[in-house]
Amino acid sequence: MVQCEQFTTPVDGVISRMRALDSTLPAGDGVAVFNRVYLAVTEAVDQRIDAGRFGDPRAAITLDVRFAERYLAAVDAASGERRPPACWRPLFQLRRHPGVRPLQFALAGINAHIGHDLALAVVDTCRTLGCEPADVEDEFDRVGDLLVSLEERIREELMPGPDLLQIADPLTHLLGAWSLERARDATWTAARALWALRGLPDVAEEFTEGLDAAVGLAGRMLLTPLRDR
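Residues numbered from 1 in each chain as written. Predicted model: local features only at pLDDT ≥ 70, side-chain atom pairs only at ≥ 80, totals over all residues. Heavy atoms only, no water.

S.K.: Where do I start with helix α5 (residues 102-129) in this structure?
M.R.: In an α-helix, one full turn covers 3.6 residues, which means residues spaced three or four apart are oriented alike. The largest bend in α5 amounts to roughly 40° and is located at Asp 117. For α5, the buried fraction is high: 25 of the 28 residues fall into the buried class. Of the residues one or two after α5, Gly 130 is the one with positive phi, at around 65°. (Bend = angle between axes of the 7 residues up to and from the residue. Helix = DSSP H or I, 4+ residues; strand = E, 2+ residues; numbered from the N terminus. Buried < 20%, exposed > 50% of the residue type's maximum accessible area, 1.4 Å probe, protein only.)

S.K.: Even after reading the chapter, I still don't get the packing of α5 against helix α10 (residues 201-222), so can you show me in this structure?
M.R.: Geometry of a packed helix pair, given as the angle between the helix axes and the separation of the axes. Contact pair α5 / α10: the axes reach a minimum separation of 9 Å and the direction vectors enclose 170°. Comparing their axes, α10 and α5 come out roughly antiparallel. Of α10, the residues touching α5 (which contributes Gln 104, Leu 107, Ala 108, Asn 111, Ala 112, Gly 115, His 116, Ala 119 and Leu 120) are Thr 208, Leu 211, Asp 212, Val 215, Ala 218, Gly 219 and Leu 222. (Axes fitted to C-alpha atoms, helices over the stretch in contact; angles between N-to-C directions. Parallel < 35°, antiparallel > 145°, perpendicular 65-115°, else oblique. Contact = heavy atoms within 4.5 Å.)

S.K.: What am I meant to see in the nonpolar core here?
M.R.: Nonpolar side chains in soluble globular proteins generally cluster together in the buried interior. In this structure, Met 18, Tyr 38, Tyr 71, Trp 88, Ile 110 and Val 122 are the most contacted members of the largest nonpolar core, which totals 74 residues. Looking at this core, the elements with two or more residues in it are α1 (11-24), α2 (30-50), α3 (57-79), α4 (89-94), α5, α6 (137-158), α9 (180-196) and α10. Element by element, the count of residues in this core is highest for α5, at 16 residues. Every residue in contact with Val 122, bar those within four places of it in the chain, is listed here: Leu 63, Pro 133, Val 136, Phe 140, Trp 188 and Ala 191. (Core = buried A, V, L, I, M, F, W, Y, C linked by side-chain atoms within 4.5 Å.)

S.K.: Even after reading the chapter, I still don't get the packing of α1 against α2, so can you show me in this structure?
M.R.: Axis separation between α1 and α2 bottoms out at 10 Å; the angle between their running directions is 155°. In terms of orientation, α1 and α2 fall into the roughly antiparallel class. Remark: the crossing between α1 and α2 carries left-handed chirality. Taken together, the residues of α2 that come into contact with α1 (itself represented by Val 11, Asp 12, Val 14, Ile 15, Met 18, Arg 19, Leu 21 and Asp 22) are Asn 35, Arg 36, Tyr 38, Leu 39, Thr 42, Glu 43, Asp 46 and Ile 49. (Left-handed = near helix turned anticlockwise from the far one by under 90°.)

S.K.: Looking at this structure, I do not really get the state of the cysteines. What am I missing?
M.R.: Here, disulfide denotes a covalent bond that connects the sulfur atoms of two cysteines. Summed over all chains, the structure comprises 0 disulfides. The cysteine Cys 126 is free of any disulfide, with Cys 131 supplying the nearest cysteine sulfur at 4.0 Å. For Cys 126, a relative accessible area of 0% puts it in the buried group. Cys 131 gets classed as buried once you look at its relative accessible area, which sits at 7%. (Disulfide = S-S within 2.5 Å.)

S.K.: Just checking my understanding: could you explain the side chain of Arg 184 for this structure?
M.R.: You can see Arg 184 is positioned in helix α9. Here Gly 144 takes part through its backbone oxygen, which lies 3.3 Å from a polar atom of the side chain of Arg 184. Beyond its immediate chain neighbours, meaning those up to four positions away, Arg 184 contacts Ile 114, Phe 140, Asp 141, Gly 144, Asp 145 and Val 148. (Polar contact = N/O pair within 3.5 Å; in protein donor to acceptor, adjacent residues only side chain to side chain.)

S.K.: Got a minute to help me understand the confidence of the model for the chain in this structure?
M.R.: Should pLDDT be low for a region, the predicted coordinates there are not to be read in detail. Residues with a pLDDT of 70 or more make up 84% of the chain, whose mean pLDDT is 87. Within the chain, α4 carries the highest mean pLDDT (97), whereas helix α7 (residues 162-167) carries the lowest (50). Low pLDDT (under 50) marks residues 1-9, which in the prediction has 22 contacts with non-local residues, meaning those over four places away or in another chain. (pLDDT = per-residue confidence, 0-100.)

S.K.: Where do I start with the packing of aromatic side chains in this structure?
M.R.: Each aromatic ring pair is specified by the distance between its two centres and by the angle formed by the two planes. One pass over the structure, following the stated rule, counts 8 aromatic pairs. Seen in terms of ring centroids, Tyr 38 and Tyr 71 are 5.6 Å apart; in terms of plane orientation they differ by 85°. Their pairing is edge-to-face. Within this pair, whereas Tyr 38 is found in helix α2, its partner Tyr 71 is found in helix α3, the two being separated by 33 residues in sequence. Using a relative accessible area of 2% as the deciding quantity, one classes Tyr 38 as buried. (Phe/Tyr/Trp six-rings, centres within 6.5 Å; stacked < 30°, edge-to-face > 60°.)

S.K.: Is there a simple way to think about a negative patch on the surface in this case?
M.R.: Residues Glu 137, Asp 138, Asp 141, Glu 152, Glu 181 and Asp 185 make up a contiguous surface patch of negative charge. Among the secondary structure elements, those contributing two or more residues to the negative patch are α6 and α9. Here the negative patch gets 4 residues from one element, more than from any other, and that element is α6. Within the secondary structure layout, Asp 185 lies in helix α9. Asp 185 sits in the partly exposed class, given a relative accessible area of 48%. (Patch = residues over 30% accessible without salt bridge, like charges linked within 9 Å, V, L, I, M, F, W, Y side chains within 5 Å. Areas by Shrake-Rupley, 256 points an atom, 1.4 Å probe, with all protein chains shown as cover. Salt bridge = Lys/Arg side-chain N within 4 Å of Asp/Glu carboxyl O. Lys, Arg positive; Asp, Glu negative; His and termini not counted. Charge placed at Lys NZ, Arg CZ, Asp CG, Glu CD.)

Okay, structure coming up:
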């Protein structure tokens, strides 16, 4: 179990910020769609922390907050007319496109946050707690399991009805081409690689930029407009 002397920002703080976003963004906005999904995830993690479902609550809190901070930083960058990371740009650029469906917005946000932000959040957590990635692997897995279960619910809630789905066959293809479980596995590998490269900052930066660009490309594909509404 990780030993640390200080708690990071409480999970309640990031939940409060996401709720504030939810109250100000138009319901059909692509960022709002993802924000509602991520708010539900963060609230569920918070409930499990309070219920003692994590073996190391300090590590779980640190990982959860560091993870959320990267999404909120991307929101702040876009709001301040600065460029967010490449992985987030497709969602912010296409957030109001009439041909992109809510499920696509949700999965593109999850792709950016899991594929890029989570790997960096693991490294941030290890630096904060003075530990190794292996020390937070259980917390990583528990959060990942929760995300996978919520992804199934998200697909059920945002998936078009059977008749519409037949017409929008490209959506079926897009959904089948991306897997949160595979993305989570790749993220853990990326986090370990970044941690191993921490003594080589130039190489680590190059690796991070490549990861960011690759995840952004996948996000752009997930947001392929399918038809006008």
